[in-house]
Amino acid sequence: MVAFAALLVDFLFSGRTRWISDRIGVRRTLRIHRWVAYAIISCIALHPFLYTAPDGVSWPWFNANDPTLILGNWSLFTGLAAWILTAGIILIAVDHRKLPGSYRAWRLMHAGSALLLGTLIAVHAISADGYSGQTGLAVYWILLLCVGLLILIEMFLVQPWRRRLALRRKHEHPSCSGNRPT
């Protein structure tokens, strides 16, 4: 659950959120993005062991009626898919400069993969047994996912649209183009 929330918050530290990167700098923002990603990877790797108690002994932090999680088809499929996608995101992110294609294409792929990962984790968390599938937390997961989607929409659609609009206004303004009205 911590990793899921951190993943969606990590969208803010991708270096394109101006109100953050203008204050602390793009390099520092990207460094935070990387460190949050390391924490997410650690949580993802450890979480099955934190929820699966040996011999049916209930862990003190797991409040479900049954001390073991029963993974149904959806929760098992989405959990495994999320692990595989996480590995892919890591492999591509580690050395993205050597990949063919533009940096912009890589960023779109990275962000899209992260959004897909967030969706898989949301379905996994809601469909797995235990308290994360209860109505209140399910609504919370969906709201967090929507916030992550809005952040990505702002970064990849709204910001470029605003930049193009500002450039167009600059070029259309009579004082900028040298054409003075008579």
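Residues numbered from 1 in each chain as written. Predicted model: local features only at pLDDT ≥ 70, side-chain atom pairs only at ≥ 80, totals over all residues. Heavy atoms only, no water.

A. Fine view of the overall build of the protein. Looking only at helices and strands, the protein features seven helices and zero strands. Counting over 182 residues, the protein shows a buried share of 32%. Put simply, of all contacts in the protein between residues at least 6 apart along the chain, 61% involve residues at least 24 apart. (Helix = DSSP H or I, 4+ residues; strand = E, 2+ residues; numbered from the N terminus. Buried < 20%, exposed > 50% of the residue type's maximum accessible area, 1.4 Å probe, protein only. Contact = heavy atoms within 4.5 Å.)

B. Structural context of the pattern of salt bridges. In the structure shown here, the tally under the stated rule is two salt bridges. The salt bridge involving Glu154 is made with Arg162; its shortest N-O contact spans 3.9 Å. (Salt bridge = Lys/Arg side-chain N within 4 Å of Asp/Glu carboxyl O.)

C. Here's a closer look at a nonpolar patch on the surface. Together, Leu149, Leu150, Ile153 and Leu157 line one region of the surface with nonpolar side chains, adding up to about 360 Å² of accessible area. When you line up the elements, Leu157 lands in helix α6 (residues 135–172). On the accessibility criterion, Leu157 (54% relative accessible area) is exposed. (Patch = residues over 30% accessible without salt bridge, like charges linked within 9 Å, V, L, I, M, F, W, Y side chains within 5 Å. Areas by Shrake-Rupley, 256 points an atom, 1.4 Å probe, with all protein chains shown as cover.)

D. Structural view of a positive patch on the surface. On the surface, a cluster of positive charge is contributed by Arg16, Arg104, Arg163, Arg164 and Arg168. The element best represented in the positive patch is α6, accounting for three residues. Classification of Arg104 as partly exposed rests on a relative accessible area of 47%. (Lys, Arg positive; Asp, Glu negative; His and termini not counted. Charge placed at Lys NZ, Arg CZ, Asp CG, Glu CD.)

E. Representation of the nonpolar core. Core analysis: the biggest nonpolar cluster contains 30 residues, and Phe4, Leu8, Phe11, Ile40, Leu117, Ile121 and Leu152 have the highest contact counts within it. Elements with a minimum of two residues in this core: α1 (2–10), α3 (26–51), α4 (73–94), α5 (103–127) and α6. Residues in contact with Phe11, not counting those within four places in the same chain, are Thr17, Ala114, Leu115, Gly148, Ile151, Leu152 and Met155. (Core = buried A, V, L, I, M, F, W, Y, C linked by side-chain atoms within 4.5 Å.)

F. Representation of α6 in the model. With 38 residues, α6 should cover 56 Å at 1.5 Å per step; its first-to-last C-alpha distance of 52 Å lies within 8% of that length. At Glu154, α6 is deflected by roughly 35 degrees, the largest bend along its length. Turning to α6, its buried residues are Ala138, Trp141, Leu144, Leu145, Gly148, Ile151, Leu152, Met155, Phe156, Gln159 and Pro160. Against α1, α2 (18–24) and α5 lie the buried residues of α6. (Expected span 1.5 Å × (residues − 1). Bend = angle between axes of the 7 residues up to and from the residue.)

G. Local environment of the packing of α1 against α6. Relative to each other, α1 and α6 sit at 20 degrees, their axes nearing to 8 Å. Considered as vectors, α1 and α6 are oriented roughly parallel to each other. As α1 runs across α6, the sense of the crossing is left-handed. Residue-level contacts link Phe4, Ala5 and Leu8 of α1 to Trp141, Leu144, Leu145, Gly148 and Ile151 of α6. The class makeup of the residues in the contact of α1 with α6 is seven nonpolar, one polar and no charged. (Axes fitted to C-alpha atoms, helices over the stretch in contact; angles between N-to-C directions. Parallel < 35°, antiparallel > 145°, perpendicular 65-115°, else oblique. Left-handed = near helix turned anticlockwise from the far one by under 90°. Nonpolar A, V, L, I, M, F, W, Y, C, P; charged D, E, K, R; others polar.)

H. Main features of α4. Taking 1.5 Å of rise per residue, the 22 residues of α4 would be expected to cover 32 Å, and the 32 Å separating its terminal C-alpha atoms lies within 8% of that figure. Every buried residue of α4 is listed here: Ser75, Thr78, Gly79, Ala81, Ala82, Leu85, Thr86 and Ile89.

I. Highlighting the packing of aromatic side chains. In this structure the tally under the stated criterion is four aromatic pairs. Centroid distance Tyr140 to Trp141: 5.2 Å. Interplanar angle 55 degrees. Geometry classified as tilted. Judged by its relative accessible area of 41%, Tyr140 falls in the partly exposed class. (Phe/Tyr/Trp six-rings, centres within 6.5 Å; stacked < 30°, edge-to-face > 60°.)

From the geometry alone we can't say anything about function, so treat these as descriptive.
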